[in-house]
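# Structural features, examined
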Amino acid sequence: MSAVTTALIILAWYGSNIGVLLLNKYLLSIFKFRCPVFLTLCHMLACSCMSYAVAASRMVPLQAVKSRQQFYKISLLALIFCLTVVLGNVSLKFIPVSFNQAIGATTPAFTAGLALVLMRARETRVVYLSLLPVIVGVVIASGAEPMFNMIGFLAAVTAACARALKSVLQGLMLSDSNERMDSLSLLMYMAPVAVVALIPTTLFFEPDAPSLAMELGQNGTFWMLLFLNSFLAYFVNLTNFLVTKHTSALTLQVLGNAKGVVAVVLSLIYFRNPVNFYSVFGYGVTMTGVVMYSQAKKAAKRTAMLQKMAGAEAGGDGLLGGEQQQQQQQQQQQAAAAAAAAKGGGTNGNAAETTALLRAAEKLGSGNFGGHTIISVPANASAREQQKSGRLPMPRGFSSVYEV
């Protein structure tokens, strides 16, 4: 793929991610469409329709669910995913985009904590230390935020925690290689489950949402923005998939860190929400911690990979040694069988016996013990033959050892 195509995919990723975020804020605040659950329902409907359209077109190969148990796991992830989006939209109803993004940056801290509790997965000390600036920065930004709202703050914090929980559970429940799915396939199965869950939720919490939408829809701009916003929600996932496919997961992580900064700057320019030095400083500390966390995780993964490779090499040496030992045992058995066959032909003189023993000794190669090559043969040889070999007669059923 050319560099131009890759650059276009990255630009599309930036446009869809920042676009859906700013449009959410615009619809919920400027357009006064204060129905975040209904807005999430529109997102999931668009994701369902677009997912099955892409699957039918075969433009992107999608994976199939292989068992009922796997479907139950995906359904649980869908409910958590749905909760994450709803709470994110609720927070945008009450707090600025800049503050929302600062709180969202704490997701790695929740992920590390939940991974330790649920999976007993410990990070390195450097990784844990890198999370301190993330938390400290959010505390500073929260205390200095001119438009602070407790409902929006709690919704954003819970959304970050739910996002981390989905990430940890996805790694825990879909750890089997047969159950792993790419992001587009997972979305195709999660979105319809989310729609089923959101319909009764919308009717319960926002029963007037359809009538409000019809009222605002008298202005054609509302429907255009709502449809654009809903389909951008799908293109966020599509471009995530394409960026990861044509670059790497690490590139996506770096782009995500930069995306937060760009979204904050654009939101400040467009919505003109008030800021002060301490809120900017707190957000800067948070983003510094996010970058430090990304670097620490990268270094920890590199160290773990090197240790794994070293262990694999050691295991390979052990395997080679085991194969050599097995080969020696096979040679010893072949030599013993040759000696026994020579004796089974009768006692036709010492020449035949000596020749068989010498050939057996050659086959043994490095099978030496104490400087002597030994050959184990059955004890059904005659007493005369055993005496000739320098051994005392032994009862039948035991074995004799010939020294060559």
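What you see as residue numbers is a count from 1 along each chain, following the sequence as written. Predicted model: local features are reported for residues with pLDDT of at least 70 only, side-chain atom pairs are reported and counted for 80 or more only, and whole-chain, interface and lining totals are derived from all residues. Only heavy atoms go into the side-chain values, all of them from the structure, while hydrogens and water stay out.

## Overview of the nonpolar core
Note the following rule: Buried Ala, Val, Leu, Ile, Met, Phe, Trp, Tyr and Cys residues form a nonpolar core when they are joined through side-chain atoms within 4.5 Å. The buried label applies to any residue whose accessible area, calculated with a 1.4 Å probe on protein chains only, is under 20% of its type's maximum; exposed applies above 50%, and partly exposed to all values in between. A run of DSSP states H or I qualifies as a helix once it reaches four residues; a run of E qualifies as a strand once it reaches two. Both are numbered from the N-terminal end. Any two residues whose heavy atoms approach within 4.5 Å at even a single point are treated as in contact.
Residues Phe 38, Phe 222 and Tyr 234 are the most contacted members of the largest nonpolar core, which totals 70 residues. Residue assignment for this core shows that the elements contributing at least two residues are helix 1 (3-30), helix 2 (36-57), helix 3 (68-94), helix 7 (150-173), helix 8 (183-205), helix 9 (209-216), helix 10 (220-246) and helix 11 (249-271). Residues contacting Tyr 234, with those up to four places away along its chain left out, are Cys 47, Met 50, Ser 51, Val 54, Leu 184 and Leu 187.

## Side note on the packing of helix 2 against helix 8
The condition that has to hold: An axis is simply a line fitted to the C-alpha atoms; with a helix, the fit covers only the stretch in contact. Between two such axes, the angle follows the N-to-C directions and lies from 0 to 180 degrees. Angles are sorted into four bins: roughly parallel if under 35 degrees, roughly antiparallel if over 145, roughly perpendicular if 65 to 115, and oblique for all others. The sense of a crossing depends on the near helix, which, turned anticlockwise from the far helix by less than a right angle, makes the crossing left-handed and, turned clockwise, makes it right-handed. Residues are sorted three ways: Asp, Glu, Lys and Arg are charged, Ala, Val, Leu, Ile, Met, Phe, Trp, Tyr, Cys and Pro are nonpolar, and all the rest, Gly among them, are polar.
Running from amino to carboxyl end, helix 2 crosses helix 8 at an angle of 150°, the nearest separation of the two axes being 8 Å. The angle between the axes of helix 2 and helix 8 places the two elements in the roughly antiparallel class. The way helix 2 lies across helix 8 gives a crossing that is left-handed. Between helix 2 and helix 8, the contacting residues are Val 37, Phe 38, Thr 40, Leu 41, Met 44, Leu 45, Cys 47, Ser 48, Ser 51, Tyr 52 and Ala 55 on the first element and Leu 187, Met 188, Ala 191, Pro 192, Ala 194, Val 195, Leu 198, Ile 199, Thr 201 and Thr 202 on the second. Counted by class, the contact of helix 2 with helix 8 contains 16 nonpolar, 5 polar and no charged residues.

## Some remarks on the side chain of Thr 40
Here is the rule: Within 3.5 Å is the distance limit for a polar contact, defined as a pair of N or O atoms, with the added protein rule that one can donate a hydrogen and the other accept it, and that residues adjacent in sequence qualify only through two side-chain atoms.
Along the chain, Thr 40 falls in helix 2. Look at Thr 40 and you get buried, because its relative accessible area is 0%. Within the local environment of Thr 40, its side chain forms a polar contact with the side chain of Asn 89, the two groups lying 2.9 Å apart. Not counting chain neighbours up to four residues away, the residues in contact with Thr 40 comprise Cys 82, Val 85, Val 86, Asn 89 and Leu 198.

## Some details on the packing of helix 8 against helix 10
Running from N to C, helix 8 and helix 10 cross one another at 155°; their axes reach a closest spacing of 9 Å. Judged on the interaxial angle alone, helix 10 and helix 8 are roughly antiparallel. Of helix 10, the residues touching helix 8 (which contributes Ser 183, Leu 184 and Leu 187) are Tyr 234, Asn 237, Leu 238 and Phe 241.

## Here's the deal with the pattern of salt bridges
This is how it is decided: One speaks of a salt bridge when a side-chain nitrogen belonging to Lys or Arg is within 4 Å of a carboxyl oxygen belonging to Asp or Glu.
For the coordinates displayed, the defined rule picks out 1 salt bridge. Close ionic contact of Lys 297 with Glu 123 constitutes a salt bridge, the shortest N to O distance being 2.9 Å. On the criterion of sequence distance, the pair formed by Lys 297 in helix 12 (residues 277-344) and Glu 123 in the loop between helix 5 (107-119) and helix 6 (125-144) is long-range, its members being 174 residues apart. With a relative accessible area of 18%, Lys 297 lands in the buried category.

## As for a nonpolar patch on the surface
The criterion, for reference: To count toward a patch, a residue needs a relative accessible area over 30% and no salt bridge; like charges are then connected within 9 Å, while nonpolar side chains (Val, Leu, Ile, Met, Phe, Trp, Tyr) are connected within 5 Å. Accessible areas in this description were obtained via Shrake-Rupley with a 1.4 Å probe; residue shielding takes into account the shown protein chains only.
On the surface, Val 261, Val 262, Val 265, Leu 266 and Ile 269 cluster together into a nonpolar patch covering about 370 Å² of accessible area. Looking at where Ile 269 falls in the secondary structure, it is placed in helix 11.

## Quick word on the confidence of the model for the chain
This is how it is decided: As a per-residue quantity, pLDDT reports the predictor's confidence and falls between 0 and 100.
Of all residues in the chain, 76% have pLDDT values of 70 or greater, and the mean over the chain is 81. Mean pLDDT across the elements of the chain ranges from a minimum in strand 3 (residues 399-403), with 37, to a maximum in helix 2, with 94. Between residues 365-381, whose pLDDT stays under 50, and residues either more than four places distant or in other chains, the model counts 44 contacts. Taken as a whole, residues 383-404 scores under 50 in pLDDT and shows 47 contacts with residues more than four places along the chain or in a different chain.

## Description of unusual backbone geometry
Of note, Lys 32 is a non-glycine position whose phi angle comes to about 60°, a positive value. Position of Lys 32 among the secondary structure elements: in the loop between helix 1 and helix 2. The phi torsion at Arg 272 lies on the positive side, around 55°, for a residue other than glycine. For Arg 272, a relative accessible area of 69% puts it in the exposed group.

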